[in-house]
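Here is what each chain is made of, one letter per residue.
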Amino acid sequence: MTLIEARGLCVQHGAATVLKGVNFAIRPGEIVTVVGPNGSGKSTLIRALIGLEPAAEGEVIRRVGLGIGYVPQRLHIDAALPMTVGRFLSLPRRVPFDEAEAALVRTGVPGLRDRQMAGLSGGQLQRVLLARALLARPEILILDEPTQGLDQPGIAAFYHLIEEVRAETGVAVLMVSHDLHVVMSASDRVICLNGHVCCEGAPHVVSAAPEYRALFGFGTGGALALYRHVHDHDHDHGDDHAHHGHDHAHRHEDEHA
């Protein structure tokens, strides 16, 4: 079963073709991460999937009634606009106090309900945005560079939170990320994008692909070190060719390379 799918998707901005011939699908319960250099069309792809960008060619197919939770790349809050976290969580529909508080607890920011949105740190804001997305009980979470501006511990903690939420709820996750050092451990499948899909597959497959290594400036001399790691949970969602399972590839840059 497919939740959302792109078939031959092309998106243009004026005369410029931003995406061309993109094909992929997201299935229930999997974590898929899109990586690519700046200008590769990552955010455009996300916007096309949720209906904010029209397709010049091809199509986006969403399962009928699909519940989507969206966490944008950034949210600009006017400091002069009074908006508490609780009020923000109740947009566009009112959310009961206990539901709002439970969502904030789940995303690791309890007690923020009466705080002003404009006064939140970057990490707090991202977790509030995630809490709001989860309140809709989505079948898929779509996150556009959700860790932008966070420090390394904050990035690792956020990805760990996403994995926990997926394990607890079974929600599928589609993320755009530039955090190559952790994306391999947080994903079941990686899509490498540069205006088109350069390569796609399990993390250890993509990280070894010549297209991926060329795109991110890795030579063949071992700047990309991989090790196998055994998880205590199973990511196998019945897709044999995606190489889901207990083994994940983690990427570590050799600082001395």
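Residues numbered from 1 in each chain as written. Predicted model: local features only at pLDDT ≥ 70, side-chain atom pairs only at ≥ 80, totals over all residues. Heavy atoms only, no water.

1. Structural notes on the environment of Glu200
Put simply, the test is: In this text, helices come from DSSP runs of H or I with a minimum length of four residues, and strands from runs of E with a minimum of two, each type numbered from the N-terminal end. Three labels apply to residues, based on accessible area from a 1.4 Å probe with only protein chains included: buried if under 20% of the type maximum, exposed if over 50%, partly exposed otherwise in between. N or O atoms within 3.5 Å of each other form a polar contact, as long as, within protein, one can give a hydrogen and the other can take it, and as long as residues adjacent in sequence are counted only when both atoms are side-chain atoms.
The topology assignment puts Glu200 in strand β9 (residues 197–201). Of the residues examined, Glu200 reaches a relative accessible area of 33% and is grouped as partly exposed. Sequence spacing of Glu200 and Val34 is 166 residues, and the spatial spacing of their C-alpha atoms is 9.2 Å. Separated by 2.3 Å, the side chains of Glu200 and Arg189 make a polar contact.

2. Brief notes about the layout of surface pockets
The method is simple in principle: a probe with the dimensions of a water molecule rolls over the atoms, and the space it marks as empty is what remains. The condition is simple: Put plainly, a pocket is an open set of points on a 1 Å grid over the protein atoms alone with protein on both sides within 12 Å along at least five of seven lines, a cavity is a set where a 1.4 Å probe fits but cannot get out, and a lining residue has an atom within 4 Å of a point. Grid points are joined across faces, edges and corners, and a volume is the space filled by probe spheres set on the points. In this classification, the charged set is Asp, Glu, Lys and Arg, the nonpolar set is Ala, Val, Leu, Ile, Met, Phe, Trp, Tyr, Cys and Pro, and all remaining amino acids, among them Gly, are polar.
The computed volume of the largest pocket comes to approximately 300 Å³. Lining the largest pocket are 16 residues, with Leu91, Pro92, Arg132, Ala133 and Ala136 sitting closest to its centre. Ranked by residue count, the leading element in the lining of the largest pocket is helix α4 (residues 122–135), at four residues. Here the residues of the lining of the largest pocket sort into 13 nonpolar, one polar and two charged. Of the pockets and cavities examined, the second largest pocket occupies roughly 190 Å³. Put simply, the parts of the chain that give the lining of the second largest pocket at least two residues each are α3 (97–106), α4 and α5 (152–169).

3. Overview of the pattern of salt bridges
Our working definition: For this document, the term salt bridge refers to a Lys or Arg side-chain nitrogen within 4 Å of an Asp or Glu carboxyl oxygen.
In total, this model carries nine salt bridges according to the counting rule given. One salt bridge connects Arg7 with Glu5, and the closest N-O pair in it is separated by 3.1 Å. Notably, a salt bridge pairs Arg47 with Glu53, separated by 3.4 Å at the nearest N-O pair. Taking the relative accessible area as the measure of exposure, Arg47 reaches 33% and is therefore partly exposed. Given a relative accessible area of 14%, Glu53 falls into the buried group. Connected through shared salt-bridge partners, Arg27, Glu30, Arg189 and Glu200 make up one network.

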